[in-house]
Amino acid sequence: MRIGVLCSGGDSPGMNAAIRGAVLRGVDVHGFEMVGFMDGWRGFHEGDRIPLDRAAVRGLSPLGGVMLGTSRVPPFARGSDPVEGLRAVRDRAAEYGLDGLLLIGGNGTQTVTSLLNEGGVPTIGLPKTIDNDLGGTDYTFGFDTAVSIASEAIDRLRTTGESHRRCMVLEVMGRDAGWIALHAGMAAGAQVSLIPEFPESIEQIGEWVLSVRDRGRSSLVVVAEGFRLAGVDRAVTREGLDGFGRPRLGGVAEVLAPLIEQRTGIETRATVLGHVQRGGSPTAFDRVLATRTGIAAADAVLAGQWGTMAGLRGDRIEMVPLEEAVGRLKTVPPERYEEARLNFG
Ligand code: F6P
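Owing to the predicted nature of the structure, the values given are computational and were not obtained by experimental measurement. Residue positions are given per chain, counted from 1 along the sequence in the order it is written. The predicted origin of the model limits local features to residues at a pLDDT of at least 70 and limits the giving and counting of side-chain atom pairs to 80 or more, whereas totals for whole chains, interfaces and linings rest on all residues.

Caption draft 1: Representation of helix 6 (residues 179–188) within the structure. Burial in this document is a count-based property: other C-beta atoms within 10 Å of a residue's C-beta are tallied, and the residue is buried at 20 or more, exposed at 12 or fewer, or partly exposed in between, with C-beta positions derived from the backbone. Secondary structure is summarised from DSSP: a helix means a run of H or I of at least four residues, a strand means a run of E of at least two, and numbering begins at the N terminus for each. Burial of helix 6 is extensive: eight of the ten residues sit out of reach of the surface. Buried within helix 6 are the following residues: W179, I180, A181, L182, H183, A184, G185 and A188. By the convention adopted here, residues make contact when the C-beta atoms placed from their backbones lie within 7 Å. Packing partners of the buried residues in helix 6 comprise helix 5 (143–164), strand 6 (167–172), strand 7 (192–194), strand 8 (220–224) and helix 11 (334–341). Downstream of helix 6 by one or two residues, G189 has phi in the positive range, about 70°.

Take a look at the structure:
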């Protein structure tokens, strides 16, 4: 069997470990031939590929980023006829002699994984995103690493904030779901965690910050990039579009900080964590989750479980039908937000 591996979307710590897990199981145990495409769909369409064997994946587990590269290049040219686009992918897969494709990606990629499988290109999905917002799996690898980095950033901002009696605002990623802000805020004891799922008013945020000051402390506010102020019907966006044609998010901390300062009279500073939270070595948890995901995907190839995704369910990796995962954004439920709110103010 000849299996292709391709990464799409933003990178996520653990992608290297996932590739390594799939190759060790797929090549060494099941006897597959495996080939990796460089920079996602660009490499696939241009024939830019490398053989994946034990030597190619040696020592990969602790490494951040992804050795194959990844991109937001779509599988079908934008604006092209989807039927034609699908035929082009099928033709290429046949040209490379592929029996199937392993696709490592988040929400957008898993939708494509499903489309391709239905269109006659056998596929299996490996879920990854630091945002942890993918349905069909309890956690995605990369999330734990991002939360660790964000928690450490909060710890550090707290000491400088307390010294100057300032309110510190930290912006983390999370376009549609606030998992990183929620978990990092809870881990590091932020006094306010603002997430896209639950808009709050500037009046309420100001009250929390003032009540922290009344207790003689300084506030740490963590905000997800997709947060919206109550009464304002869109997230704060940077100019321009991302690789999927959506408005670029970000900049919410810089908008929020002066509003908080105006409202409370407390000097306030903004920090945008940005891509630091996606970089560097994955945590042990992410390395293990990613490795197990890769192993499960290789086993699923052998079992012919095409059209599935290797999801974490409790402590087990299960092959979840793609229909159960795609189009189901996993957002923070009210009870989780209520737990975090215990520390607010
Ligand atoms: O991977 C998802 C994500 O982390 C989002 O939270 C964020 O909006 C986006 O990536 C940023 O991606 P880019 O690397 O294209 O700027």
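Caption draft 2: Just the domain arrangement of the protein chain, in detail. Domain assignment breaks the protein chain into domain 1 (2–141 + 282–326) and domain 2 (144–279). An automatic or database domain assignment supplies the start and end points of every domain. Taken over C-alpha atoms, the centre of domain 1 sits 33 Å from the centre of domain 2. Listed per partner, the contact involves 15 residues of domain 1 and 17 residues of domain 2. For the side of domain 1 that touches domain 2, the per-class residue count stands at four nonpolar, six polar and five charged. All residues other than Ala, Val, Leu, Ile, Met, Phe, Trp, Tyr, Cys, Pro, Asp, Glu, Lys and Arg, Gly among them, are scored as polar; the first ten of these are nonpolar and the last four charged.

Caption draft 3: Structural detail: the site of the ligand. Placing a C-beta atom from the backbone of each residue, we mark the residue near a molecule or strand if the atom is within 6 Å of it. Taken together, eleven residues surround the ligand, and among them G10, D131, M173, R175 and L249 come closest. Both of domain 1 (2–141 + 282–326) and domain 2 (144–279) provide at least three residues apiece to the shell around the ligand.

Caption draft 4: Here's a closer look at the sheet that holds strand 8. The four strands lie next to each other as 7-8-6-11, forming an open sheet whose pairing is parallel. The open sheet terminates on both sides in strands that have one partner only, identified here as strand 7 and strand 11 (268–272). For this sheet, the mean angle separating the axes of adjacent strands, direction not counted, is 15°. One ladder, built from five bridges, connects strand 6 with strand 11; its direction is parallel. Each bridged residue has a counterpart across the sheet, and for C167 the counterpart in strand 11 is T268. Interaxial angles span 0 to 180 degrees and are taken between N-to-C directions of axes, which are lines fitted to C-alpha atoms, for helices over the stretch in contact. Of the strands in this sheet, strand 6, strand 8 and strand 11 are in contact with helix 8 (residues 252–264), which crosses strand 11 at around 170°. Pairing between two strands is assigned when DSSP locates at least 2 bridges connecting them.

Caption draft 5: Geometry of the pairing of strand 1 (residues 2–7). Burial runs high along strand 1: five of the six residues are buried. Alignment of strand 1 against strand 2 (residues 33–37), held across four bridges, turns out to be parallel. Residue I3 lies in a different strand from strand 2, and its bridge partner there is M34. The sheet contact formed by strand 1 and strand 4 (residues 100–105) spans five bridges and is parallel. Residue pairing for strand 4: I3 is matched across the bridge by G100.

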